[in-house]
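Descriptive structure summary
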Amino acid sequence: MTEETAAGFEPGHRPPEAQNELATWCAFRAGKVLVMRVSGRLQLPALRPEDLGSAARTRHYIGMVDGVPCYAAALHDAQDLPAGTDLIFLRNLILDSDELTSGIAGRAFQILEWERTHRYCGACGEPTTAHQADRAQECKSCRQLYYPRIAPVVMALVTRGREVLLTRKPGYAPGRYTVVAGFVEAGETLEHALVREVREEVGVESHCARYFGSQPWPFPNSLVMAFSLEYASGTVEADGVELEDARWFDIDALPELPEPVHISRRLIDDTVARLRAAQLSSGA
Ligand SMILES: [Zn+2]
């Protein structure tokens, strides 16, 4: 379901030779991203490096957006914002903008966070520098390389006949339910992680994982991989700590669900449509 790369964006890490041209900037300060509102829509601003002052000198090239170079940069605390721009939380931009804009901003944020947390070598303690050819930080002293970190997360929607298993965490929006999700552990396959997460969170056994799609989620560096699974055995029981509730819902009596920007919602919608089609074709 998810596109290979958002249309209009060509990722890259070697910047073009011309460094002073108008470019698209993903500039961040304390988790907020610099935006402009154009005809009511949130956009990443087109600026010249001088508009961003010294922040532009530590830029990272992200790629080309519709033929225009795009950079990530960290704004200094005291720096004035360019005219017509504003800072908003990245999460709000992702909820409010198109897939191209939110994908580029998320990518830029992850790269800046990775650089911020890899300034020194974890093996020998020396400062790192940007690698010549790759998107990596390199320790010149012990030759250790640090690539941007990505944390794999599995997401599972378990089905049973015409029912789906949904859960809610304490503090989640009132009445809203979603799927089971958790981090993949070292040494685990995705299939094992799915079955383990479902068992740990809701106490049932599941099998027959069916891949749906993936979504980068830059808070701070997750890659969510979504699957549906079939129920095998056991009784649903929320652990009461991580989950406040877990239960089966008939596909015609679903609770409030996550917003469509989340892959969890698209996984639920797709699976429900598939179960409904199966019901119709079986004449039930
Ligand atoms: Zn080192």
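The structure contained in this document is the topic of the report that follows. These figures come from a predicted structure and were not determined experimentally.

Conventions adopted
Along each chain, residues carry numbers from 1 onward, in the same order as the chain's sequence is written. In keeping with the model being predicted, local features are shown solely for residues with a pLDDT of at least 70 and side-chain atom pairs are shown and tallied solely at 80 or more, while totals for entire chains, interfaces and linings include all residues. Think of the side-chain values as coming from all heavy atoms in the structure, minus any hydrogens and water. Metal-coordinating donors are taken as N, O and S atoms lying within 2.8 Å of the metal, or within 3.2 Å when the metal is Na, K or Ca; because water is left out, some sites can appear incomplete. When four donors show all angles between 85 and 135 degrees the site is tetrahedral, when four or six donors have opposite pairs over 155 degrees and all other angles between 65 and 115 it is square planar or octahedral respectively, and in every other case it is irregular. Every helix listed is a DSSP run of H or I at least four residues long, and every strand listed is a run of E at least two residues long, numbered separately from the N terminus. Burial classification: accessible surface area is computed with a 1.4 Å probe over protein chains only, and a residue below 20% of its type maximum counts as buried, one above 50% as exposed, and the rest as partly exposed. Grid points spaced at 1 Å over the protein atoms alone were grouped into cavities, where a 1.4 Å probe fits but cannot get out, and pockets, open sets with protein on both sides within 12 Å along at least five of seven lines, with lining residues defined by an atom within 4 Å of a point. Grid points are joined across faces, edges and corners, and a volume is the space filled by probe spheres set on the points. Residue polarity is assigned by list, with Asp, Glu, Lys and Arg as charged and Ala, Val, Leu, Ile, Met, Phe, Trp, Tyr, Cys and Pro as nonpolar; anything else, Gly included, falls into the polar class. Contact definition: two residues touch when any of their heavy atoms are within 4.5 Å. Think of a polar contact as two N or O atoms within 3.5 Å of one another; within protein, one of them needs to be a possible hydrogen donor and the other a possible acceptor, and neighboring residues in sequence only count if both atoms come from side chains. Strand pairing is defined by DSSP finding a minimum of two bridges between the two strands. What counts as a ring pair is set by centres within 6.5 Å for rings of Phe, Tyr and Trp (its six-membered ring), and what kind of pair is set by the plane angle: stacked under 30 degrees, edge-to-face over 60, tilted for all other angles. Helix span, expected: 1.5 Å multiplied by one less than the number of residues in the helix.

**Regarding the coordination of the zinc ion**
- Note on the zinc ion: its protein donors are Cys121 (SG), Cys124 (SG), Cys139 (SG) and Cys142 (SG). The metal-donor distances range over 2.3 Å.
- Every donor counted, the four donor atoms about the zinc ion form angles of 99 to 119 degrees at the centre, which fits tetrahedral coordination.
- In the primary sequence, the donor residues of the zinc ion line up as C-x2-C-x14-C-x2-C. Taken together, the residues cysteine 121 in the loop between helix 2 (99–116) and strand 9 (129–130) and cysteine 139 in the loop between strand 10 (137–138) and strand 11 (145–146) connect sequence positions 18 residues apart.
- Residue classification places cysteine 139 among the buried residues on the basis of a relative accessible area of 0%.

**Re the layout of surface pockets**
- For the second largest pocket, the calculated volume is near 670 Å³.
- Forming the walls of the second largest pocket are 26 residues, and the residues nearest its centre are Met155, Lys169, Thr178, Ala181 and Trp217.
- Counting only elements with at least two residues in the lining of the second largest pocket, the list comes to strand 12 (151–160), strand 14 (180–183), strand 15 (205–217), strand 16 (222–233) and helix 4 (263–281).
- The class makeup of the residues in the lining of the second largest pocket is 13 nonpolar, seven polar and six charged.

**As for the environment of arginine 135**
- Looking at where arginine 135 falls in the secondary structure, it is placed in the loop between strand 9 and strand 10.
- Ignoring anything within four residues of it in the chain, the contact list for arginine 135 reads Gly12, His13, His60, Tyr61, Ile62, Ile111, Trp114, Tyr147 and Pro148.
- Within polar-contact distance, the side chain of arginine 135 engages the backbone oxygen of glycine 12 at 3.1 Å.
- Within the local environment of arginine 135, its side chain forms a polar contact with the backbone oxygen of tyrosine 61, the two atoms lying 2.9 Å apart.

**Details of the sheet that holds strand 9**
- Read from one edge to the other, the open sheet built from three strands follows the order 9-10-11, with strand pairing classed as antiparallel. For this open sheet the edge positions go to strand 9 and strand 11, each flanked by a neighbour on one side alone.
- Pairing between strand 9 and strand 10: two bridges, direction antiparallel. When the bridges of strand 10 are listed, alanine 130 appears paired with glutamine 137.

**Comments concerning the packing of aromatic side chains**
- The tally for this structure, following the rule as stated, stands at eight aromatic pairs.
- When the ring of phenylalanine 109 is compared with that of phenylalanine 219, the centres are 6.5 Å apart and the planes differ by 45 degrees; the resulting orientation is tilted. Residue phenylalanine 109 is found in helix 2, and its partner phenylalanine 219 is found in the loop between strand 15 and strand 16; the two are separated by 110 residues along the sequence.
- Judged by relative accessible area, which is 13%, phenylalanine 109 ranks as buried.

**Thoughts on helix 3 (residues 190–202)**
- Taking 1.5 Å as the rise per residue, helix 3 with 13 residues should run 18 Å; its terminal C-alpha atoms sit 18 Å apart, in good agreement.
- Among the structural elements, strand 12, strand 13 (163–168), strand 14, strand 15, strand 16 and strand 17 (245–250) are those in contact with the buried residues of helix 3.
- At the exit of helix 3 stands glycine 203, carrying a positive phi of roughly 75 degrees.

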